[in-house]
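Next come the chains, spelled out residue by residue.
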Amino acid sequence: MAASSSSSCSGNHKKLVVAVIGYTGGVGSCLLKAMNKIGLEPYALVRSTTMKVGSNNNNNIHDEKEVPTNYDELAESLLQQRNGIPVIADVTASASIQKHYQGWLTKGISVVAANKGIFAGPETNYQALLQAAEIGKCRLLHETTVGAGLPILGTLQGLKASSHEIHTVEGILSGTLAFVLGQVANGKSSLSQAVKEAKALGYTEPDPRDDLNGMDVARKAVILARLAGMNGVELDKMTIESLVPEPLKDCNVEEFMDKLSEHDAAMAEKVAGVEAAGGRLHYAAKVNVKDNKVEVGLLSCEASHPFNNAGPDNMIAITTNFYTRPLVVQGAGAGGDVTATGVLANILECANQPA
Ligand SMILES: NC(=O)C1=CN([C@@H]2O[C@H](COP(=O)(O)OP(=O)(O)OC[C@H]3O[C@@H](n4cnc5c(N)ncnc54)[C@H](OP(=O)(O)O)[C@@H]3O)[C@@H](O)[C@H]2O)C=CC1
Ligand SMILES: N[C@@H](CC=O)C(=O)O
């Protein structure tokens, strides 16, 4: 089979047969590079309108004919690969793709996602996905939905599985906001310039307002809360502090980027006010399992606070009954390559399917 995946990476007799949805994007293009580097060829490449699916006709998936994107056909084709472990990697931000997860998982197709929406959506939908993976005896992995490639969700699950009681999970969860708030500190840069740079560095969501309005942090906090064992946490019940100027809430992304500079002075004034009182602005999240509370928002931190040394990094502190001094994970929590390698690590984990 010409365009199939390499078996050497799977570590067992079955091949990973991998479809990448969103391969033309920032994370997707880095994922293809990373897969190529370890000799794992994708079986299918999918974007919003068209897809290329492996056949016997070509040695290279890129040479395949583009056909209209059809997720039922994609699933059937993956399941027909004999002796293969079918995996769909979703590196888009599209809600419409996530509607297919439950069906794919039930049929035994593992799902690896960088796409956060459904994991932070209504709890019943999230629970249905977990159940579907059990029915399909396959994997549902989304490590990169919090902290990109940093080992956060796996660590949390490992702690819980090994009898730790999780007390709190807190810290800096947005690469974009860490970068932007670092750039505007001390008047180094303007808000609009910092957001442009964050976008160019591949840190932002496809719409950077999803970072600036706190929604990306809130979604990550919900995901952390669920993995930490909390029930009843819903995004729409949370108070989420936004840094998006009111007049730019509803325009398109281009207009938002163009007009953001009109709001630089207001942001500079806000930063100067906090700094005059000896603080530095950070956007943080706190999941308090014991008190059943999830909070996100702007924090003013005094000079000695560890957040002030984190630069553009994510910094996540986990406190448990045994880790009373927190276990801290710090590192780049946004960017194409670090996210793609986290997705690839999850794809490789799919070689171990549940019995
Ligand atoms: N950047 C980062 O640091 C991190 C990102 N993530 C997540 O990764 C995801 C991707 O981010 P990023 O790469 O920056 O986004 P981009 O906007 O760069 O890429 C999005 C990709 O999705 C494809 N796409 C969009 N809509 C659909 C659809 N309906 N069906 C199929 N394909 C579609 C686009 O294809 P087309 O060519 O058709 O437009 C494109 O390939 C997001 O969910 C983000 O939250 C997670 C952790 C970190
Ligand atoms: N836009 C996100 C990317 C990773 O999830 C961020 O800035 O952290």
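Coordinates for the structure precede this section.
Rules used throughout
Residues numbered from 1 in each chain as written. Chains lettered and ligands numbered in written order. Predicted model: local features only at pLDDT ≥ 70, side-chain atom pairs only at ≥ 80, totals over all residues. Heavy atoms only, no water. Near = heavy atom within 4 Å. Polar contact = N/O pair within 3.5 Å; in protein donor to acceptor, adjacent residues only side chain to side chain. Areas by Shrake-Rupley, 256 points an atom, 1.4 Å probe, with all protein chains shown as cover. Helix = DSSP H or I, 4+ residues; strand = E, 2+ residues; numbered from the N terminus. Nonpolar A, V, L, I, M, F, W, Y, C, P; charged D, E, K, R; others polar. Core = buried A, V, L, I, M, F, W, Y, C linked by side-chain atoms within 4.5 Å. Buried < 20%, exposed > 50% of the residue type's maximum accessible area, 1.4 Å probe, protein only. Contact = heavy atoms within 4.5 Å. Lys, Arg positive; Asp, Glu negative; His and termini not counted. Salt bridge = Lys/Arg side-chain N within 4 Å of Asp/Glu carboxyl O. Pairing = 2+ DSSP bridges. Expected span 1.5 Å × (residues − 1). Phe/Tyr/Trp six-rings, centres within 6.5 Å; stacked < 30°, edge-to-face > 60°.

(A) Broad picture of the site of ligand 2. As a matter of local geometry, ligand 2 sits amid 13 residues, with Gly175, Thr176, Tyr203, Glu205 and Asp211 nearest to it. The separation between an oxygen atom of ligand 2 and a polar side-chain atom of Thr176 is 2.6 Å. Here an oxygen atom of ligand 2 and a side-chain polar atom of Lys220 are 2.9 Å apart. Relative to its unbound accessible area of 250 Å², ligand 2 is 94% covered by the protein chains. Contributing elements (two or more residues each) for the shell around ligand 2: α8 (175–184) and α11 (215–227). Considering only residue class, the shell around ligand 2 consists of three nonpolar, five polar and five charged.

(B) Examining the nonpolar core more closely. Grouped together as the largest cluster of nonpolar side chains are 82 residues, with contacts concentrated most on Leu74, Tyr101, Trp104, Leu105, Phe119, Leu224 and Val287. At eight residues, the largest contribution of residues to this core is made by α11. In this structure Leu74 touches Ala19, Ala44, Val46, Met51, Val53 and Ile88, once residues within four positions along its chain are discounted. Leu32, Val87, Val91 and Leu344 belong to the second largest nonpolar core, which has 25 residues in total.

(C) Up close: the side chain of Arg280. For Arg280, the position within the fold is in strand β9 (residues 279–288). An unpaired buried charge is present at Arg280: no salt bridge exists, and Glu275, the closest side chain of opposite charge, is 5.6 Å distant. Excluding residues within four positions of it along the chain, Arg280 makes contact with Leu181, Gly182, Ala185, Val274, Leu299, Ser300, Cys301 and Asn308.

(D) Quick peek at the pairing of strand β11 (residues 314–320). Taking burial as the measure, the seven residues of β11 include seven buried ones, the bulk of the element. The alternating pattern of β11 places Asn314, Ile316, Ile318 and Thr320 and Met315, Ala317 and Thr319 on opposite faces, both of which are buried. Relative to β11, strand β8 (residues 166–172) is paired through six bridges, and the arrangement is antiparallel. Considered in β11, the bridge of Glu170 is made with Ala317. For β11 and strand β12 (residues 327–331), the ladder comprises five bridges, and the chain directions are antiparallel. Counterpart to Ile316 in the pairing with β12 is Val329. Hairpin connection from β11 to β12: six residues lie between these consecutive antiparallel strands.

(E) Highlighting helix α1 (residues 26–37). Here α1 contains 12 residues, and its C-alpha end-to-end distance of 17 Å stays within 8% of the 16 Å for a straight helix at 1.5 Å per residue. All buried positions along α1 are accounted for by Gly28, Cys30, Leu31, Leu32, Ala34 and Met35. In this fold, the buried residues of α1 make contact with β1 (15–21), β2 (44–46), β5 (84–90) and α14 (336–349). Directly beyond the C-terminal end of α1, a positive phi value near 75° is found at Gly39.

(F) Region of the structure containing the packing of aromatic side chains. On inspection of all chains with the given rule, the structure shows four aromatic pairs. Considering the side-chain rings of Phe179 and Tyr203, the 5.7 Å spacing of their centres and the 80° angle between planes classify their relative orientation as edge-to-face. Here Phe179 is found in helix α8, whereas its partner Tyr203 is found in the loop between α9 (191–200) and α10 (209–212), with 24 residues between them in sequence. With a relative accessible area of 21%, Tyr203 lands in the partly exposed category.

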